[in-house]
Amino acid sequence: MLKLFRGNLIDLPTNISLNYYWCSGFMISGFLVIQIVSGIILSLLFVADSKLSFPCIMEFTNDSFFSWLIRYMHIWGVSFIFIVFIIHMCRALYYSSYTKVMVWNVGFILYILMMVEAFLGYILPWHQMSYWAATVLTSIIQSVPVVGIQLYNFIVGGFSVSNVTLMRVFAAHVILAFVIIFFSILHLFYLHKVGSNNTLFVSNGYSDYVYFHSYYSNKDAFCLSVLFTIYLFLIFYTPDLVLDLESYLHADPMVTPVSIKPEWYFLFYYAMLRSVSSKLGGLILVLIFLFLLWLPTNNYPCNYFVGRQILFWVFCNLIIILSYLGACPPDVPYVLISQVSSFFSVLILIFYKGCWSY
(Lines give C-alpha, C1' and ligand atoms only; values in the text may rest on other atoms or scores of the structure.)
Protein backbone atom coordinates (compact mmCIF):
# COMPACT_ATOMS: atom_id res chain seq x y z
CA MET A 1 0.00 0.00 0.00
CA LEU A 2 2.84 2.38 0.87
CA LYS A 3 4.57 1.54 -2.40
CA LEU A 4 1.36 2.27 -4.32
CA PHE A 5 0.99 5.60 -2.53
CA ARG A 6 4.58 6.64 -3.21
CA GLY A 7 4.39 5.53 -6.84
CA ASN A 8 1.28 7.64 -7.54
CA LEU A 9 1.78 10.74 -5.40
CA ILE A 10 5.46 11.09 -4.48
CA ASP A 11 7.82 9.29 -6.85
CA LEU A 12 5.56 9.67 -9.90
CA PRO A 13 7.68 10.76 -12.91
CA THR A 14 6.14 13.95 -14.35
CA ASN A 15 7.10 15.92 -17.44
CA ILE A 16 9.18 18.97 -16.55
CA SER A 17 7.45 21.36 -19.01
CA LEU A 18 4.01 21.42 -17.36
CA ASN A 19 2.58 24.81 -16.36
CA TYR A 20 -0.06 25.86 -13.82
CA TYR A 21 -2.93 24.76 -16.09
CA TRP A 22 -1.97 21.18 -15.22
CA CYS A 23 -2.89 21.87 -11.58
CA SER A 24 -6.60 21.92 -12.47
CA GLY A 25 -7.01 18.15 -12.06
CA PHE A 26 -5.76 18.28 -8.47
CA MET A 27 -8.07 21.22 -7.71
CA ILE A 28 -11.05 19.28 -9.06
CA SER A 29 -10.12 16.38 -6.78
CA GLY A 30 -9.86 18.75 -3.80
CA PHE A 31 -13.31 20.20 -4.37
CA LEU A 32 -14.71 16.74 -5.08
CA VAL A 33 -13.64 15.67 -1.58
CA ILE A 34 -15.44 18.73 -0.15
CA GLN A 35 -18.57 17.83 -2.12
CA ILE A 36 -18.55 14.22 -0.93
CA VAL A 37 -18.08 15.12 2.75
CA SER A 38 -20.61 17.98 2.73
CA GLY A 39 -23.02 15.84 0.67
CA ILE A 40 -22.92 13.01 3.21
CA ILE A 41 -23.71 15.45 6.04
CA LEU A 42 -26.55 17.07 4.08
CA SER A 43 -28.03 13.69 3.15
CA LEU A 44 -28.38 12.91 6.87
CA LEU A 45 -30.35 16.15 7.37
CA PHE A 46 -32.43 16.11 4.18
CA VAL A 47 -35.99 14.77 3.83
CA ALA A 48 -36.93 13.70 0.29
CA ASP A 49 -40.57 14.75 0.25
CA SER A 50 -42.27 17.33 -1.97
CA LYS A 51 -44.02 18.93 1.03
CA LEU A 52 -41.11 18.74 3.48
CA SER A 53 -37.95 19.17 1.37
CA PHE A 54 -38.08 22.95 1.02
CA PRO A 55 -39.02 23.63 4.69
CA CYS A 56 -36.30 21.16 5.69
CA ILE A 57 -33.70 23.02 3.60
CA MET A 58 -34.77 26.37 5.06
CA GLU A 59 -34.81 24.98 8.60
CA PHE A 60 -31.33 23.52 8.67
CA THR A 61 -30.00 26.53 6.73
CA ASN A 62 -31.31 28.88 9.44
CA ASP A 63 -30.92 26.46 12.35
CA SER A 64 -27.19 26.75 13.02
CA PHE A 65 -24.01 28.18 11.59
CA PHE A 66 -22.64 24.66 10.98
CA SER A 67 -25.54 23.47 8.82
CA TRP A 68 -25.63 26.83 7.00
CA LEU A 69 -21.91 26.58 6.23
CA ILE A 70 -22.16 22.96 5.03
CA ARG A 71 -25.01 23.81 2.68
CA TYR A 72 -23.29 26.81 1.14
CA MET A 73 -20.00 24.92 0.85
CA HIS A 74 -21.93 22.33 -1.15
CA ILE A 75 -23.63 24.99 -3.31
CA TRP A 76 -20.45 26.89 -4.08
CA GLY A 77 -18.43 23.68 -4.46
CA VAL A 78 -20.45 22.77 -7.55
CA SER A 79 -19.71 26.12 -9.20
CA PHE A 80 -16.00 25.87 -8.44
CA ILE A 81 -15.82 22.31 -9.74
CA PHE A 82 -17.34 23.41 -13.05
CA ILE A 83 -15.11 26.50 -13.26
CA VAL A 84 -12.01 24.36 -12.83
CA PHE A 85 -13.43 21.57 -15.01
CA ILE A 86 -14.02 24.05 -17.86
CA ILE A 87 -10.42 25.28 -17.50
CA HIS A 88 -9.26 21.64 -17.41
CA MET A 89 -11.15 20.78 -20.62
CA CYS A 90 -10.06 23.99 -22.39
CA ARG A 91 -6.46 23.15 -21.59
CA ALA A 92 -7.02 19.63 -22.93
CA LEU A 93 -8.50 21.03 -26.15
CA TYR A 94 -5.79 23.67 -26.56
CA TYR A 95 -2.93 21.22 -26.13
CA SER A 96 -4.72 18.29 -27.89
CA SER A 97 -4.77 16.09 -24.79
CA TYR A 98 -7.61 14.11 -26.39
CA THR A 99 -4.94 12.26 -28.39
CA LYS A 100 -4.46 10.23 -25.17
CA VAL A 101 -7.70 8.44 -25.94
CA MET A 102 -8.46 6.48 -22.76
CA VAL A 103 -7.62 9.38 -20.45
CA TRP A 104 -9.83 11.69 -22.53
CA ASN A 105 -12.70 9.17 -22.80
CA VAL A 106 -12.90 8.59 -19.05
CA GLY A 107 -12.52 12.33 -18.39
CA PHE A 108 -15.37 13.15 -20.78
CA ILE A 109 -17.59 10.53 -19.12
CA LEU A 110 -16.75 12.25 -15.83
CA TYR A 111 -17.89 15.58 -17.30
CA ILE A 112 -21.24 14.08 -18.37
CA LEU A 113 -21.72 12.39 -14.98
CA MET A 114 -20.95 15.63 -13.13
CA MET A 115 -23.50 17.51 -15.22
CA VAL A 116 -26.14 14.89 -14.41
CA GLU A 117 -25.15 14.94 -10.73
CA ALA A 118 -25.34 18.74 -10.61
CA PHE A 119 -28.76 18.75 -12.28
CA LEU A 120 -30.09 16.14 -9.84
CA GLY A 121 -28.76 18.11 -6.89
CA TYR A 122 -30.40 21.29 -8.23
CA ILE A 123 -33.81 19.59 -8.12
CA LEU A 124 -33.54 18.43 -4.49
CA PRO A 125 -34.34 21.72 -2.64
CA TRP A 126 -37.73 21.69 -4.44
CA HIS A 127 -37.96 25.45 -4.79
CA GLN A 128 -39.68 27.20 -7.70
CA MET A 129 -36.72 27.30 -10.06
CA SER A 130 -35.59 23.73 -9.36
CA TYR A 131 -39.10 22.34 -9.86
CA TRP A 132 -39.72 24.19 -13.12
CA ALA A 133 -36.21 23.56 -14.43
CA ALA A 134 -36.85 19.86 -13.82
CA THR A 135 -40.23 20.10 -15.55
CA VAL A 136 -38.85 21.87 -18.63
CA LEU A 137 -35.69 19.79 -19.07
CA THR A 138 -37.31 16.40 -18.42
CA SER A 139 -40.06 17.23 -20.93
CA ILE A 140 -37.36 17.20 -23.63
CA ILE A 141 -37.07 13.44 -23.08
CA GLN A 142 -40.63 13.03 -24.38
CA SER A 143 -39.48 14.20 -27.82
CA VAL A 144 -37.19 11.16 -28.22
CA PRO A 145 -38.73 8.96 -30.98
CA VAL A 146 -40.34 5.60 -30.10
CA VAL A 147 -39.16 5.32 -26.47
CA GLY A 148 -39.58 8.96 -25.40
CA ILE A 149 -42.84 8.59 -23.45
CA GLN A 150 -41.79 5.34 -21.74
CA LEU A 151 -38.38 6.81 -20.86
CA TYR A 152 -40.00 9.95 -19.44
CA ASN A 153 -42.42 7.92 -17.31
CA PHE A 154 -39.57 5.76 -16.03
CA ILE A 155 -37.39 8.73 -15.04
CA VAL A 156 -40.13 11.00 -13.69
CA GLY A 157 -42.23 8.19 -12.21
CA GLY A 158 -45.56 9.37 -13.60
CA PHE A 159 -47.19 11.85 -15.94
CA SER A 160 -45.37 14.87 -14.46
CA VAL A 161 -42.69 15.85 -11.97
CA SER A 162 -43.95 14.90 -8.51
CA ASN A 163 -42.99 13.51 -5.11
CA VAL A 164 -42.02 10.21 -6.75
CA THR A 165 -39.59 12.12 -8.97
CA LEU A 166 -37.99 13.78 -5.94
CA MET A 167 -37.38 10.46 -4.18
CA ARG A 168 -35.85 8.96 -7.31
CA VAL A 169 -33.67 12.03 -7.82
CA PHE A 170 -32.39 11.86 -4.24
CA ALA A 171 -31.47 8.17 -4.58
CA ALA A 172 -29.80 8.75 -7.96
CA HIS A 173 -27.90 11.79 -6.63
CA VAL A 174 -26.38 9.77 -3.78
CA ILE A 175 -25.52 6.71 -5.90
CA LEU A 176 -24.05 8.75 -8.75
CA ALA A 177 -21.59 10.41 -6.36
CA PHE A 178 -19.87 7.05 -5.79
CA VAL A 179 -19.89 6.35 -9.55
CA ILE A 180 -18.06 9.67 -10.02
CA ILE A 181 -15.47 8.63 -7.43
CA PHE A 182 -14.89 5.37 -9.32
CA PHE A 183 -14.41 7.14 -12.66
CA SER A 184 -12.12 9.70 -11.03
CA ILE A 185 -9.86 6.89 -9.84
CA LEU A 186 -10.05 5.27 -13.28
CA HIS A 187 -9.11 8.59 -14.90
CA LEU A 188 -6.11 8.86 -12.59
CA PHE A 189 -5.10 5.28 -13.38
CA TYR A 190 -5.00 5.87 -17.15
CA LEU A 191 -3.27 9.23 -16.65
CA HIS A 192 -0.47 7.66 -14.62
CA LYS A 193 -0.27 4.76 -17.05
CA VAL A 194 0.42 6.84 -20.19
CA GLY A 195 1.72 10.07 -18.59
CA SER A 196 0.42 13.62 -18.85
CA ASN A 197 0.38 15.59 -22.04
CA ASN A 198 2.73 18.58 -22.12
CA THR A 199 3.04 22.05 -23.65
CA LEU A 200 5.60 20.90 -26.22
CA PHE A 201 3.49 17.86 -27.24
CA VAL A 202 6.38 15.45 -26.70
CA SER A 203 5.07 12.01 -27.63
CA ASN A 204 6.51 10.30 -24.56
CA GLY A 205 4.87 11.87 -21.53
CA TYR A 206 7.69 10.75 -19.27
CA SER A 207 10.63 12.25 -21.20
CA ASP A 208 12.60 14.98 -19.37
CA TYR A 209 10.80 14.30 -16.13
CA VAL A 210 11.01 15.27 -12.47
CA TYR A 211 9.35 13.58 -9.52
CA PHE A 212 5.85 14.77 -8.69
CA HIS A 213 6.88 15.61 -5.12
CA SER A 214 7.91 18.19 -4.27
CA TYR A 215 8.01 20.17 -7.51
CA TYR A 216 4.40 19.66 -8.62
CA SER A 217 2.85 18.86 -5.25
CA ASN A 218 3.85 22.35 -4.07
CA LYS A 219 2.34 23.96 -7.17
CA ASP A 220 -0.88 21.97 -6.73
CA ALA A 221 -1.12 22.85 -3.03
CA PHE A 222 -0.50 26.54 -3.78
CA CYS A 223 -3.21 26.67 -6.49
CA LEU A 224 -5.70 24.82 -4.29
CA SER A 225 -5.04 27.12 -1.32
CA VAL A 226 -5.56 30.24 -3.48
CA LEU A 227 -8.77 28.86 -4.97
CA PHE A 228 -10.00 27.70 -1.57
CA THR A 229 -9.40 31.20 -0.16
CA ILE A 230 -11.55 32.71 -2.93
CA TYR A 231 -14.14 29.99 -2.31
CA LEU A 232 -14.42 30.83 1.42
CA PHE A 233 -14.47 34.56 0.71
CA LEU A 234 -17.45 34.18 -1.63
CA ILE A 235 -19.30 31.93 0.83
CA PHE A 236 -19.03 34.48 3.66
CA TYR A 237 -19.17 37.70 1.64
CA THR A 238 -21.85 36.94 -0.98
CA PRO A 239 -23.32 33.46 -0.31
CA ASP A 240 -26.42 33.90 -2.50
CA LEU A 241 -24.63 35.11 -5.63
CA VAL A 242 -25.20 31.80 -7.48
CA LEU A 243 -28.80 31.42 -6.27
CA ASP A 244 -31.89 32.75 -8.01
CA LEU A 245 -34.57 34.72 -6.16
CA GLU A 246 -36.98 31.87 -6.92
CA SER A 247 -34.76 29.67 -4.72
CA TYR A 248 -36.54 31.11 -1.67
CA LEU A 249 -40.02 30.15 -2.85
CA HIS A 250 -41.54 26.72 -2.31
CA ALA A 251 -42.30 24.86 -5.55
CA ASP A 252 -45.81 25.61 -6.80
CA PRO A 253 -47.00 23.63 -9.87
CA MET A 254 -49.75 26.24 -10.43
CA VAL A 255 -47.40 29.25 -10.69
CA THR A 256 -44.84 29.39 -13.50
CA PRO A 257 -41.84 31.69 -12.96
CA VAL A 258 -41.48 34.60 -15.39
CA SER A 259 -38.11 33.29 -16.58
CA ILE A 260 -37.05 29.66 -16.24
CA LYS A 261 -33.34 29.04 -16.50
CA PRO A 262 -30.86 26.45 -15.20
CA GLU A 263 -27.61 27.04 -13.32
CA TRP A 264 -24.90 29.07 -15.08
CA TYR A 265 -22.88 26.02 -16.19
CA PHE A 266 -25.89 24.75 -18.20
CA LEU A 267 -26.82 28.08 -19.78
CA PHE A 268 -25.05 27.57 -23.12
CA TYR A 269 -26.70 24.16 -23.54
CA TYR A 270 -30.03 25.78 -22.68
CA ALA A 271 -29.44 28.47 -25.31
CA MET A 272 -28.72 25.75 -27.89
CA LEU A 273 -31.90 23.88 -26.95
CA ARG A 274 -33.98 27.06 -27.35
CA SER A 275 -32.33 28.04 -30.62
CA VAL A 276 -34.24 25.25 -32.41
CA SER A 277 -38.03 25.48 -32.48
CA SER A 278 -38.59 21.74 -31.95
CA LYS A 279 -37.51 19.99 -28.74
CA LEU A 280 -36.11 17.04 -30.71
CA GLY A 281 -34.10 19.37 -32.96
CA GLY A 282 -32.61 21.14 -29.94
CA LEU A 283 -31.72 17.82 -28.34
CA ILE A 284 -30.04 16.62 -31.55
CA LEU A 285 -28.05 19.86 -31.76
CA VAL A 286 -26.75 19.46 -28.19
CA LEU A 287 -25.87 15.79 -28.84
CA ILE A 288 -23.97 16.74 -32.02
CA PHE A 289 -22.09 19.42 -30.05
CA LEU A 290 -21.17 16.94 -27.30
CA PHE A 291 -20.11 14.32 -29.86
CA LEU A 292 -17.80 16.78 -31.63
CA LEU A 293 -16.47 18.02 -28.30
CA TRP A 294 -15.65 14.43 -27.30
CA LEU A 295 -14.35 13.16 -30.66
CA PRO A 296 -10.65 12.23 -30.19
CA THR A 297 -8.56 12.97 -33.28
CA ASN A 298 -4.85 13.24 -34.09
CA ASN A 299 -4.11 16.98 -33.96
CA TYR A 300 -1.10 19.03 -33.06
CA PRO A 301 -1.77 21.54 -30.23
CA CYS A 302 -2.72 25.17 -30.80
CA ASN A 303 0.72 26.52 -29.89
CA TYR A 304 2.02 25.25 -33.26
CA PHE A 305 -0.71 26.86 -35.41
CA VAL A 306 -1.97 30.46 -35.30
CA GLY A 307 -5.11 29.50 -37.23
CA ARG A 308 -5.96 26.85 -34.67
CA GLN A 309 -5.46 29.35 -31.85
CA ILE A 310 -7.89 31.76 -33.52
CA LEU A 311 -10.51 29.01 -33.86
CA PHE A 312 -10.04 28.03 -30.21
CA TRP A 313 -10.54 31.56 -28.86
CA VAL A 314 -13.48 32.25 -31.19
CA PHE A 315 -15.06 29.02 -29.91
CA CYS A 316 -14.51 30.09 -26.27
CA ASN A 317 -16.14 33.46 -26.97
CA LEU A 318 -19.12 31.79 -28.63
CA ILE A 319 -19.64 29.63 -25.52
CA ILE A 320 -19.56 32.78 -23.35
CA ILE A 321 -22.08 34.48 -25.66
CA LEU A 322 -24.37 31.43 -25.55
CA SER A 323 -24.12 31.37 -21.74
CA TYR A 324 -25.29 34.97 -21.63
CA LEU A 325 -28.10 34.28 -24.12
CA GLY A 326 -29.26 31.29 -22.08
CA ALA A 327 -30.11 33.68 -19.24
CA CYS A 328 -32.02 36.04 -21.56
CA PRO A 329 -35.72 35.66 -22.41
CA PRO A 330 -36.48 33.73 -25.64
CA ASP A 331 -37.24 36.87 -27.63
CA VAL A 332 -35.86 38.72 -30.64
CA PRO A 333 -32.93 39.19 -31.17
CA TYR A 334 -31.67 36.69 -28.56
CA VAL A 335 -33.03 33.60 -30.34
CA LEU A 336 -31.48 34.63 -33.68
CA ILE A 337 -28.08 35.27 -32.08
CA SER A 338 -28.35 31.90 -30.30
CA GLN A 339 -29.01 30.16 -33.62
CA VAL A 340 -26.02 31.82 -35.29
CA SER A 341 -23.72 31.20 -32.32
CA SER A 342 -24.80 27.55 -32.04
CA PHE A 343 -24.22 26.96 -35.76
CA PHE A 344 -20.74 28.50 -35.71
CA SER A 345 -19.73 26.71 -32.50
CA VAL A 346 -20.52 23.35 -34.12
CA LEU A 347 -18.84 24.39 -37.38
CA ILE A 348 -15.70 25.53 -35.56
CA LEU A 349 -15.50 22.22 -33.68
CA ILE A 350 -15.62 20.36 -37.00
CA PHE A 351 -12.69 22.38 -38.38
CA TYR A 352 -10.85 22.36 -35.06
CA LYS A 353 -10.98 18.58 -34.69
CA GLY A 354 -10.75 17.75 -38.40
CA CYS A 355 -7.78 19.88 -39.50
CA TRP A 356 -4.12 20.10 -38.48
CA SER A 357 -3.77 16.33 -38.17
CA TYR A 358 -0.44 14.53 -38.20
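As shown above, the structure is provided for reference.
Residues numbered from 1 in each chain as written. Predicted model: local features only at pLDDT ≥ 70, side-chain atom pairs only at ≥ 80, totals over all residues. Heavy atoms only, no water.

Comments concerning the environment of serine 247
Alright, step 1. Structurally, the position occupied by serine 247 is in the loop between helix H9 (212-237) and helix H10 (267-275).
Alright, step 2. In this structure the C-alpha to C-alpha distance between serine 247 and methionine 129, which are 118 residues apart in sequence, comes to 6.2 Å.
Alright, step 3. Not counting residues up to four positions away in its chain, the partners in contact with serine 247 are Phe54 and His127. (Helix = DSSP H or I, 4+ residues; strand = E, 2+ residues; numbered from the N terminus. Contact = heavy atoms within 4.5 Å.)

Thoughts on the layout of surface pockets
Over the atoms, a rolling probe the size of a water molecule traces out where space has been left empty.
Alright, step 1. As a volume, the second largest pocket reaches approximately 1,000 Å³.
Alright, step 2. Lining of the second largest pocket is provided by 29 residues; of these, Val116, Phe119, Leu137, Thr138 and Ile141 occupy positions nearest its centre.
Alright, step 3. Of all elements in the fold, only helix H5 (101-123), helix H6 (128-139), helix H7 (148-156), helix H8 (163-194), H10 and helix H11 (279-294) reach the threshold of two or more residues within the lining of the second largest pocket.
Alright, step 4. The element contributing the most residues to the lining of the second largest pocket is H5, with six residues.
Alright, step 5. Among the residues forming the lining of the second largest pocket, the class breakdown is 26 nonpolar, two polar and one charged.
Alright, step 6. In terms of domain composition, the lining of the second largest pocket takes at least three residues from each of domain 1 (17-199 + 210-256) and domain 2 (261-357). (1 Å grid on protein atoms, 1.4 Å probe; cavity = no way out; pocket = protein on both sides within 12 Å on 5 of 7 lines; lining within 4 Å. Points joined across faces, edges and corners; volume = space filled by probe spheres on them. Nonpolar A, V, L, I, M, F, W, Y, C, P; charged D, E, K, R; others polar. Domains from an automatic or database assignment.)

Thoughts on the environment of isoleucine 284
Alright, step 1. Inspection of the secondary structure assignment puts isoleucine 284 in helix H11.
Alright, step 2. Residue isoleucine 284 is classed as partly exposed on the basis of its relative accessible area, which comes to 41%.
Alright, step 3. Each C-alpha atom, one on isoleucine 284 and one on proline 145, is 12 Å from the other, the two residues being 139 residues apart in sequence. (Buried < 20%, exposed > 50% of the residue type's maximum accessible area, 1.4 Å probe, protein only.)

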